[in-house]
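# What the coordinates show
Read off the chains here:
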Amino acid sequence: MTDATEMTLEEREATLGGIGCARKRKEDIRFIQGKGNYVDDIELPGQVFGDFVRSPYAHARVKSIDTAAAKAVPGVLAVLTAEDLKPLNLHWMPTLAGDTQAVLADQKVHFQNQEVAFVIGEDRYAVSDGIQAVEVDYEDLPVLVDPKQALAEDAPVLREDVEDKDNVGQGVRKHPNHIFAWEAGDRDETDKAFAGAAVTVKEEIFYQRVHPCPLEPCGCVASMDPVRGELTLYGTFQAPHVVRTVVSLIAGLPEHKIRVIAPDIGGGFGNKVGAYPGYVCATVGTIVLGRPVKWVEGRIDNLSTTAFARDYHMTGELAADSNGRIAAIRVHVLADHGAFNAHAQPSKWPAGLFSIVTGSYDIPSAHIAVDGVYTNKAPGGVAYRCSFRVTEASYLIERMIDVLAQKVGLDKAEVRLRNFVTPEQFPYTSCLDWEYDSGDYHTALNKVLEAVDYQGLLAEQAEKRKRGELMGIGLATFTEIVGAGPSRNCDILGIGMFDSCEIRIHPTGSAIARLGTKSQGQGHETTYAQILATELGIPSDDITVEEGDTDTAPYGLGTYGSRSTPVAGAAAAQAARKIKAKAQKIAAHMLEVGEKDLEWEVDRFKVKGLPEKTATMKEIAFAAYQNLPEGLEPGLEAVNYYDPPNFTYPFGAYLCVVDVDRLTGEVKVRRFYALDDCGTRINPMVIEGQVHGGLTEAFAIAMGQELTFDETGNIQGASFMDYFLPTAVETPVWETDFTVTPSPHHPIGAKGVGESPNVGGVSAFSNAVVDAFAHLGVSHMPMPHTPWRVWKQCQALGIGE
Amino acid sequence: MSKIPVKMTVNGRAVDELVEPRLLLVHFLRGKLNLTGPHVGCETSHCGACTVDLDGMSVKSCTVFAVQAEGAEITTVEGMANADGSLSALQEGFMQEHGLQCGYCTPGMIMRAHRLLQENANPSDEEIRWELSGNLCRCTGYQNIVKAVRYAADKLNAQREAAE
C-alpha cells in the first residue's frame, strides 16, 4: 500500500490533534448555543416534581407531621414521610463512610434544613404550595455547633440511634458524639524528636467550613418503567456507576434493572459525589406513582444541606534545628462531620489522604491523630476541588513552614529550599509511607522566584514597612496526591478504585471511546480523545468520547480527586495499546511481512527499511472487518480496567503579592504567579483553564467563604447574598507557568491538574495576608481574610487609625 | 390558580400562551417554550445564569414574572446565532478563548456580553469585568471570559470597519 497523501510527518502529527496540542473543546459547540443537556433540562412524558419540607430547627424531636392539608392542595399528588418509607426500609440510608443518614427525619431532626417530608406534585409551584401546607410539630432540643463542646462529658447526645454502638463504621468511639479516632505515623519517634529539638513551633489552625457550590445545584429525575421493572435515574452524579451500585444495594433492585445516566453537569467540585435524600425520595416517588419524578434543589438547600467541605480544627507543631531543618511534625485534628458521618473518602481512610501532611518536605518523623465528631450541622465532608483532605493537609504544612521561618528568622523561600525532598530522592517514601513518584521542587520554586524578582519584592516590602504600609508576599510549594487509587489501599464500598476505557474502532477508521469517569466541565470529550489520537494514530476529531451512562460505559469510579487523567487516562492509553497490538498483526497480514518487521510512525505501520510499504490505521480499521489473518477474530475493540500501581504526585510553586489597606482591612491581590507541574501536559489550553478556575476557588475560600452557625444551629450565609463567590471584578489576574516532570508509572506520564491550584492557592493567599503582618509579630490569622477580620487585626495591633 | 394570557416575541417568534400569574419568566422559557439555554443557579438574581435580553436590557429571568414580559421582545442564547445560522462573534469567542468549562453560566454570560457590546463596542478589560459582574462563573476564573468578549468586540469592530 502506498501513501496516498503528500503530508509531511509534522503535518500528519498536527492532523491528529493529539497529546500536547491546545485543541479547542469539542463540548463547547453545544454549550455556546444553549444546547447542553443538564438534569433540569430533562422533561419526560408525565414527569412530576418533588421537593422537601425542611426543618427550621437544628436539633428537635419531631412530635407529629400532619400532611392532610398538603395532600388536599390542588396539584399535589403525594406526601412522603419517614413513616411511609419505613415499610421499604428506606427511611435511613447507608453513607459512604459506614454510618447511616436519615432520608426523611425519623423522630428527630439533627440539623437545620434537614429533610422532613417529600411533597410530589404536578409542577414545582404546586409542590411549593404543598410544602407550606405540611404541619410539623417540633420540640426543640439543646444544640451543639462546636465540636469541642460536643465532646464534653455532659454534652447532649445527638445521635440517639447509635448511642449504644461502639463503632459507627470507622473505628472505636470514646463518647456518644465521637465518630472515630484515626492516627498515623510514629508517636514515640515524634515525641523524641520534639524533646530534643532546638526550635519548636505550634499553631492552632482552623480550616473553616466551606461549600463547593457548583453553579448548577444537585438534582435528579427518577423514572420507573413498571412494565419492564426498570429504573432509570438521571442525576448530577460525579460517580454514576457507584450510584447505580448504591441504589441497587439500598433499594433492593437488581443492578441490571437500573440505568444511571449523568448528563451534562454544571460543575461539581466534590459536591456531586455523595448520595442525597432527594435521590432516594425521587426514586420512591416514581415507584409509588408510576410517573417520572424530578427533584432539583434550590441554592439555599444546596449550601445548607448537600455536602460541605473542610471544618477541620487543626493543631500543628514542627520541631526543627536552628537552621530551619525540620525534624518532626505533629498534628491533631478535631474534625466536625456534622450530624451524620457522610464524608466521601476511600473506605479505609477516615481522614482521607490527610497523611500527605509532610508536603514537599523531607521530614524524618511524624505523628497525626484525627478525631471525628458529630454536631448539629449538615453532613458531608467532601473534597472541595482537591483530593481527599489534601487541601487541609497542604494548608497546615504550608502555614507551619512560614511560622517556622518566622521563628528561626530565615526567609520562607530559604526554609523551603532547605527542607525540600531533593530530585535524587525520587521515588521518595515519606515517613508517613507515601511513595512520591517524581518531582523537582527546587527547580520549580527557583523558576518562580526568578520570574517575579523575589529579591526585588523583598526590598520593596522592606521599604514599605518602614513607611508603615502593609505588603505581603505569600509562598506555597505544595505536593498533591491524586489519582485514587491503587486498589490495595483504596476502595469505595469494597470496590477497588480502578477506572476504565472501552474503545471501538469503526470500519471507516473513526472511533468511539467510553470511560468510567464523568466530566463536570473538565473537558474530557476533548482531552481523552487527544490521548487516543496519539496512541492510535486516529485524528481526535474522529473520536467520540462518552461517559456517564451505566448501560453503555464500562464500570468506573467517577471523576473527583483529580483521578480522571491518572486513572481513566491511563486506562485509555492501555486500551489503545491493546488495539494497536492487534492492528500490528493485521498490518503484517496486509503487507505480507512478519509483525516484527513493522515499526509505528504517527498514524501507520511501516515495513522497516521499506518506507513506502505502509498500512495506515484507517486502512487497518477497514481490514479488521474483512481482511484478517487466519485465526484472528474480526473487529477492532478493546477494554482496559486500570488499577494504578501508585498515586501520582503533581506539585507546584505559587507566589502571591498582596497590599493591605490598614484603614479598611481590604486586601488587594497585586500579583499571583502559579507554576504547576502535572507531568505530561495533554492540552495546555485546558490545563491553563483548570488552573485559572482552581485559583479563583482558592481565592474565594481564603478571602471570603465560610458557613457559620449561631448557637441555636441556624446556618448563616447560606445564600448568594452572603456566601462569597467572587465576580470578575474581585478576581485577580492569573499568571501561569509550568515545568514538566512526568510520572514514571503512568502510561503517558501524566499526573492530573484540576485541583492543584486550589490546594496550593489557598495557602498562598493566606500566607500572603499573614506575611503582611509578620513584621508586627503576627504568626497566624484565621481564614477567611475578609476586610472585617483584617481590619480587626489592624485594630488589635493599633495600626488601624 | 387561574391563568391569564401573555404575548411576547421570543427569538423573533410570536408567542401566545396562558400562564399562571406567578410563573417566572425563566420557567416559562424553559418549560413552555423548551428554551433550556437560560439556567437556574440561584433563583435570587445573583448568579446570572438565567440572563436573557428583554427589550434591549439584560434581565435575570428568574426574578421576572412571565406576565411582566407582556409585549416584550426577548432574545435567549438560542437566538444568538447569525442570520445565516453561523455562530455569532461572541459564541465563537467563547470557544476560541476557552471561555467556558461546565457551560452552565455560558448562556447568561453570552447574553450579558451581547448587551454590553451593544452599549459599548470597544470596552476595556476592566469595563468587561465590571459589566459582567452580575454573572457568576465557578469554573473559569473569568480571565478567558474577558478574552472571549474582547475577541468578539475586535471581530465585530473589524467587520464594521470593513463595511464602512
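Residues numbered from 1 in each chain as written. Chains lettered and ligands numbered in written order. Predicted model: local features only at pLDDT ≥ 70, side-chain atom pairs only at ≥ 80, totals over all residues.

### Some points on the overall build of chain B
Which entries qualify depends on this criterion: Each helix is a run of DSSP H or I of at least 4 residues and each strand a run of E of at least 2, with the numbering of both proceeding from the N terminus. Remark: C-beta atoms are placed from the backbone, and a residue is labelled buried if 20 or more other C-beta atoms sit within 10 Å of its own, exposed if 12 or fewer do, or partly exposed between those counts. Working definition of a contact: two residues with C-beta atoms, positioned from the backbone, lying within 7 Å.
Helix and strand counts for chain B stand at 5 helices and 5 strands. Sequence-ordered secondary structure for chain B, helices as α and strands as β, is β-β-α-β-β-β-α-α-α-α. When the 164 residues of chain B are sorted by exposure, 57% land in the buried category. By sequence separation, contacts in chain B at least 24 residues apart represent 59% of the contacts at least 6 residues apart.

### Observations concerning the interface of chain B and chain A
Keep this limit in mind: Throughout this entry, Asp, Glu, Lys and Arg are counted as charged residues, while Ala, Val, Leu, Ile, Met, Phe, Trp, Tyr, Cys and Pro are counted as nonpolar. The remaining residues, Gly among them, count as polar.
Each partner contributes residues to the interface: chain B has 45 residues there, and chain A has 40 residues. When contributions to the side of chain B that touches chain A are tallied by element, the ones reaching two or more residues are helix H2 (89–96), helix H3 (106–119), helix H4 (125–131) and helix H5 (143–163) of chain B. The residue makeup of the side of chain B that touches chain A, split by class, is 21 nonpolar, 18 polar and 6 charged.

### As for the sheet that holds strand S3 (residues 51–54) of chain B
Residues and elements named next belong to chain B. Convention followed: A pair of strands is treated as paired once DSSP finds two or more bridges between them. Think of each axis as a best-fit line through the C-alpha atoms, taken over the contacting stretch in the case of a helix, with angles from 0 to 180 degrees between the N-to-C directions.
Strand order in the open sheet made by the 5 strands is S2-S1-S5-S3-S4, with mixed pairing throughout. Of all strands in the sheet, those with a lone pairing partner are strand S2 (13–19) and strand S4 (57–60), marking the two edges. Across the sheet, the axes of successive neighbouring strands diverge by a mean angle of 40 degrees, strand direction being ignored. Both strand S1 (residues 4–10) and strand S5 (residues 73–75) contribute to a ladder of 2 bridges, which runs parallel. Each residue of the ladder has a partner; that of Thr9, found in S5, is Glu73. Packing against the sheet, H3 makes contact with S3 and S4, and its axis sits at approximately 35 degrees to S3.

### Focus: the packing of helix H12 (residues 412–419) of chain A against helix H13 (residues 441–451) of chain A
All names here are of chain A. The following threshold applies: Roughly parallel means an angle under 35 degrees; roughly antiparallel means over 145; roughly perpendicular covers 65 to 115; every other angle is labelled oblique. Here a crossing is called left-handed whenever its near helix is offset anticlockwise from the far helix by less than a right angle, and right-handed whenever the offset is clockwise.
Running from amino to carboxyl end, H12 crosses H13 at an angle of 160 degrees, the nearest separation of the two axes being 10 Å. As summarised for this structure, H12 and H13 are arranged roughly antiparallel, according to the angle between their axes. Every pair of crossing elements has a handedness; the one defined by H12 and H13 is left-handed. Residues Ala413, Arg416 and Leu417 of H12 pack against His442, Leu445 and Leu449 of H13.

### What to know about the environment of Asp225 of chain A
All names here are of chain A. Tracing the sequence through the fold places Asp225 in strand S11 (residues 219–225). For Asp225, a count of 14 C-beta atoms within 10 Å translates into the label partly exposed. Once the C-alpha coordinates of Asp225 and Ile287 are considered, the two residues, 62 residues apart in sequence, prove to be 8.5 Å apart.

### Considering the domain arrangement of chain A
Residues and elements named next belong to chain A. Put simply, the rule is: Domain boundaries shown here were taken from an automatic or database domain assignment.
Examined at the domain level, chain A breaks down into domain 1 (9–36 + 499–642), domain 2 (39–141 + 218–296) and domain 3 (309–379 + 391–484 + 647–797). Spacing between the C-alpha centres of domain 1 and domain 2 amounts to 40 Å. Looking at the side of domain 1 that touches domain 2 residue by residue, the class counts come to 3 nonpolar, 9 polar and 3 charged.

### A look at the pairing of strand S20 (residues 470–479) of chain A
Residues and elements named next belong to chain A. Burial runs high along S20: 9 of the 10 residues are buried. Examined bridge by bridge, S20 and strand S30 (residues 651–660) share 10 bridges and lie antiparallel to one another. Looking across to S30, one finds that Thr479 is bridged to Phe651.

### Some remarks on the environment of Ala405 of chain A
Relative to the elements of secondary structure, Ala405 of chain A occurs in helix H11 (residues 390–408). Considered as a pair, Ala405 of chain A and Gly324 of chain A are 81 residues apart in the sequence and their alpha carbons are 6.8 Å apart.

### Concerning the domain arrangement of chain B
Residues and elements named next belong to chain B. Along its sequence, chain B is organised into domain 1 (4–79) and domain 2 (89–163). In this assembly, 13 residues from domain 1 lie in contact with 12 residues from domain 2. With 3 residues, the top contributor of residues to the side of domain 1 that touches domain 2 is S3. The class makeup of the residues in the side of domain 1 that touches domain 2 is 6 nonpolar, 6 polar and 1 charged.

### Quick word on helix H9 (residues 277–289) of chain A
Residues and elements named next belong to chain A. Condition: Each helix should span, by expectation, one fewer than its residue count multiplied by 1.5 Å.
Between the first and last C-alpha of H9 there are 18 Å, a value that for 13 residues agrees with the 18 Å anticipated at 1.5 Å per step. Burial of H9 is extensive: 10 of the 13 residues sit out of reach of the surface. Among all positions in H9, only Pro277, Gly278, Tyr279, Val280, Cys281, Ala282, Thr283, Val284, Gly285 and Thr286 are buried. Just beyond H9, the residue with positive phi is Gly290, at close to 70 degrees.

### A word on the sheet that holds strand S24 (residues 511–515) of chain A
Residue and element names in this part refer to chain A. Reading across from one edge, S25-S24-S23-S29 is the order of the 4 strands in this open sheet, with mixed pairing throughout. Looking at the sheet topology across the chains shown, the edges are occupied by strand S25 (543–547) and strand S29 (637–642). The mean angle between the axes of side-by-side strands here comes to 15 degrees, regardless of whether they run parallel or antiparallel. Examined bridge by bridge, strand S23 (residues 499–505) and S29 share 6 bridges and lie antiparallel to one another. Its bridge partner being in S29, Arg504 is matched across the sheet by Glu637. Running at roughly 130 degrees to S25, helix H15 (residues 524–536) makes contact with S23, S24 and S25 of the sheet. Its contacts with the sheet place helix H16 (residues 564–591) against S23, S24 and S29, and it is angled at close to 35 degrees to S23.

### Re the packing of H15 of chain A against H16 of chain A
Residue and element names in this part refer to chain A. Relative to each other, H15 and H16 sit at 35 degrees, their axes nearing to 9 Å. You can see that H15 and H16 cross each other, and the crossing is right-handed. Together, His524, Tyr528, Ile531, Leu532, Glu535 and Leu536 of H15 and Ser564, Gly569, Ala572, Ala573, Ala576, Arg577, Ile579 and Lys580 of H16 make up the contact between the two elements. Residues that form the contact of H15 with H16 fall into these classes: 8 nonpolar, 3 polar and 3 charged.

### Quick notes on the pairing of strand S17 (residues 365–373) of chain A
Residues and elements named next belong to chain A. Along S17, 8 of the 9 residues are buried, which leaves the element largely enclosed by surrounding structure. Pairing of strand S16 (residues 326–336) with S17, which is carried by 9 bridges, proceeds in the parallel orientation. Note that in S17 the partner of Val333 across the bridge is Val370.

### Notes on the environment of Ile326 of chain A
Residue and element names in this part refer to chain A. You can see Ile326 is positioned in strand S16. When the 26 C-beta atoms within 10 Å are taken as the criterion, Ile326 is described as buried. With sequence-adjacent residues up to four places away left out, Ile326 is seen in contact with Leu318, Ala320, Tyr361, Ile363 and Asn419.

### Brief notes about the nonpolar core
One broad trend across soluble globular proteins is that nonpolar side chains are buried collectively. Residues and elements named next belong to chain A. Quick note on the threshold: Buried Ala, Val, Leu, Ile, Met, Phe, Trp, Tyr and Cys residues form a nonpolar core when they are connected through C-beta atoms within 7 Å.
Grouped together as the largest cluster of nonpolar side chains are 315 residues, with contacts concentrated most on Ala117, Val119, Leu532 and Ala572. It is H16 that contributes the most residues to this core, 13 residues altogether. For Ala572, the contacting residues outside a window of four places in its chain are Cys501, Ala513, Leu515, Tyr528, Ile531 and Leu532.

### Describing helix H5 (residues 124–133) of chain A
Residues and elements named next belong to chain A. Here is the rule: By construction, the arc corresponds to the directions joining the helix axis to the C-beta atoms.
Where H5 is concerned, the buried positions are Ala126, Val127, Gly130 and Ile131. Viewed along the axis of H5, the buried residues span an arc of 140 degrees, placing them on a single side of the element. Residues of H5 that are buried in the fold lie against strand S1 (48–54), helix H3 (68–71), strand S3 (76–80) and strand S7 (115–121).

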